[in-house]
Amino acid sequence: MKKYFNIELIMTLVILLFIGVLAFQGIVVDDLSDKAMNFPSFVFGVGGILGVAEIIRNVKAVQAVEKRSEVSKRKSVFKNKKNFVQFALMTLAYLVLLYLLGFVIASIIMVISYGLIRGYEKKWVIIVAGVGIILLWYVLFTKMIGVRMLTGVLTKGLI
Amino acid sequence: MIEGLSAALTFGNLGLVLLGTFIGIIVGALPGLGPTLGVSILIPFTYGMTSTTALILMGGIYVGAVYGGSITSILIGIPGTPNSTATVLDGFPMAQQGKALQALGASTAASAFGGTVSALCLMFFTPLFSRVVLKFGVAEQFVLSLFGLSVIAISSKEQFFKGLLAGFFGLAIATIGYDPITGLDRFTFGNMWLADGIPFMSAVIGLFGVAQTLSLAEEAKNIAGGTKVTGSIWEGIKAIVKHPVATLQATAMGLFFGAVPGVGGGPANLIAYTSISSGAKDRETFGKGNVKGVIAAEASNNATVGTALIPTLAFGIPGSTVCAIVMGLLTMHGIDVGPRLFTKMPVTLYTFFWGFLFANIALMIVAIPLMRIFAKMTVLPYQILVPNVLVLCVLGSYSLRGFYVDVIITLIFGVLGYFLKKAKFPMVGVVLGLVLGKMTESNLSRSLLIFKGWKFLYTRPIVLTILILTAIVMIIPYIDFKKIFNKKNR
């Protein structure tokens, strides 16, 4: 069974799960009217059929590879798992910092820490560029264009 | 018309054209801003200006902003505006191959060409276009959306089920939010932030921009992959002459979709790109850095700008949010839109049209000197580029509505886009589904209400024509003409 679980199958299942959750929410939980569910029902129905068809195609493709006695070495999804996980975790931390400290401080921390952790030789360039670029966005967006910046829960009123 | 030309050809007005185009390019290049914000920011500044000055400046900003989105699309893989989504598909791979200058040159030339043709149509063919536009009701708009969705099928001939599933996934996401007919909240899970649905730009910035930063961070390399920036701007500019069919086809599609109210640049560039890429002999090279992909996206995108103003000016029906703002600006300056506009204030109107035309030409003058500076972004070390691109994605997403939840949506779509790309799902399908979903549903529901059933599909000639065209377009890629002709000869 494990041999069939490639990234294409997993993402097809994710899409089918998403469609299933929406359908359940609309039909069972919210009990939406027929008028409101006409178009979504069509989309979910056809999407479901296409998802099943894609799963069947995928399974057949794996079986075809096996029949040809090719070495079906499962290719890793990631080219470099460590780099991906590191950046993903930093992004999650950035998301939390955005909420707590606001855009300016969180972004400066993110830009500088990523550059330092990834070992860029000229540390002063990372720090100056990081602070400079973020402050440039701040001036451009708030002072010139008039877009309000995200302020953090802990820094309300500061920036 | 001649008086309008002489009014437009003053140093002051030409200077305004250049200034407006420059401001527009900067606004358009920043993700999450775009022509709507650019034009609406201008409004308070125009209180003290004459109507001619205000309109010329607005035309420059509008044209520049629509083009400007292609810069970030090409250089960092984040569409600056919804109109530049398709540009990412081939523009960014070109940048990754060190051909950023060529891609920028092609996008500038294609934008200038499409926009110039559009401005000429606005000037000379408004009465003709407006007669055609009047015939397009909700039923016609519905089948046009179907046509747009059908290109998902032809774009993914080799991965038929995957491509269509991507499109229906986009449609499913588009059903989240209020039902366009009953107004009921659907699939919001009691969350008020989802009442308006998933914001299109937040999703697109995530699917392309954040997904790209995840890839760059994983591979630990800059955009150009360690190569130098090669190719020249002029190679890109010459590409529109080398590929006249793609340029003209995309421009024609942009002119048409721009004139139909409610469609606009967002779907137009995606549909034009997908149609041209599917019909090309070298279709397998699209999505991997084919300059024709950039030309198709940008020519169609800018071609919508002029013709989108036709229903606005001729009938007072704004075809898009930007057109609604333009209409507001015109009214503010004492210009009443409608059928009598061309007879009441012809000089002011034609000065605006000429200014609009010059703005498309000014694109080349303003953008070319900036390209070499912009292109250097592709060779910046990834340690500086990657976090800054992520920050720009967050900023772009937040600036749309000012909600933190939009940032979360962008990051979720970023992770989704990253894995969808790994699983070889065509992103263009997801985006087409997202952009056409609400439009298709609302036009279908209204058509069923107005015509009391499905008979509009076979009683209205334009609807029937578009349906037949859609069927032909879906079937043709699967017919092996060579086999048929060979069999006949035997």
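These numbers were taken from a predicted model, which means no experiment stands behind them.

Cut-offs and rules
Residues numbered from 1 in each chain as written. Chains lettered and ligands numbered in written order. Predicted model: local features only at pLDDT ≥ 70, side-chain atom pairs only at ≥ 80, totals over all residues. Heavy atoms only, no water. Patch = residues over 30% accessible without salt bridge, like charges linked within 9 Å, V, L, I, M, F, W, Y side chains within 5 Å. Areas by Shrake-Rupley, 256 points an atom, 1.4 Å probe, with all protein chains shown as cover. Salt bridge = Lys/Arg side-chain N within 4 Å of Asp/Glu carboxyl O. Helix = DSSP H or I, 4+ residues; strand = E, 2+ residues; numbered from the N terminus. Buried < 20%, exposed > 50% of the residue type's maximum accessible area, 1.4 Å probe, protein only. Expected span 1.5 Å × (residues − 1). Bend = angle between axes of the 7 residues up to and from the residue. Contact = heavy atoms within 4.5 Å. Polar contact = N/O pair within 3.5 Å; in protein donor to acceptor, adjacent residues only side chain to side chain. Nonpolar A, V, L, I, M, F, W, Y, C, P; charged D, E, K, R; others polar.

Engineer: I tried to follow a nonpolar patch on the surface on my own but got confused; where do I start?
Structural biologist: All names here are of chain B. Taken together, the side chains of Met1, Ile2, Leu120, Phe124, Phe125 and Leu128 define a hydrophobic patch exposed on the protein surface, amounting to about 580 Å² of accessible area. Note that Leu120 resides in helix α6 (residues 100–124). By relative accessible area, which is 33% here, Leu120 ends up partly exposed.

Engineer: Would you mind showing me how to read helix α4 (residues 51–75) of chain B here?
Structural biologist: An α-helical turn contains 3.6 residues, so any two residues separated by three or four positions project in the same direction. Residues and elements named next belong to chain B. Helix length check: α4 (25 residues) gives 37 Å between terminal C-alpha atoms against 36 Å at 1.5 Å per residue, within 8%. Where α4 bends most, at Ala65, the angle is about 25 degrees. Extensive coverage of α4 is indicated by the burial of 23 of its 25 residues. Looking one or two residues beyond α4, the residue adopting positive phi is Gly77, at roughly 75 degrees.

Engineer: Help me understand the environment of Leu330(B), please; the structure alone is not making it clear to me.
Structural biologist: All names here are of chain B. Along the chain, Leu330 falls in helix α15 (residues 321–332). Under the relative-accessibility criterion, Leu330 is labelled buried at 1%. Spatially, the C-alpha atoms of Leu330 and Asn13 are 17 Å apart, while their sequence positions differ by 317 residues. What Leu330 contacts, discounting residues up to four positions off in sequence, is Leu55, Leu313, Ile335 and Val337.

Engineer: It is not clear to me how the interface of chain A and chain B should be interpreted in this structure. Could you clarify?
Structural biologist: How big an interface is tends to be reported as the loss of accessible area on association of its parts. Across the contact, 63 residues belong to chain A and 60 residues belong to chain B. A salt bridge links Glu8(A) to Lys162(B); the shortest N-O distance between them is 2.6 Å. In this assembly, chain A and chain B are joined by eight residue pairs in polar contact (both at pLDDT 80 or more). Of all the elements in the fold, those that place two or more residues in the side of chain A that touches chain B are α1 (7–29), α2 (34–67), α3 (81–101), α4 (103–117) and α5 (123–145) of chain A. When residues of the side of chain A that touches chain B are assigned to their parent elements, the largest contribution, 15 residues, is made by α2(A). Residue composition of the side of chain A that touches chain B, by class: 43 nonpolar, 12 polar and eight charged.

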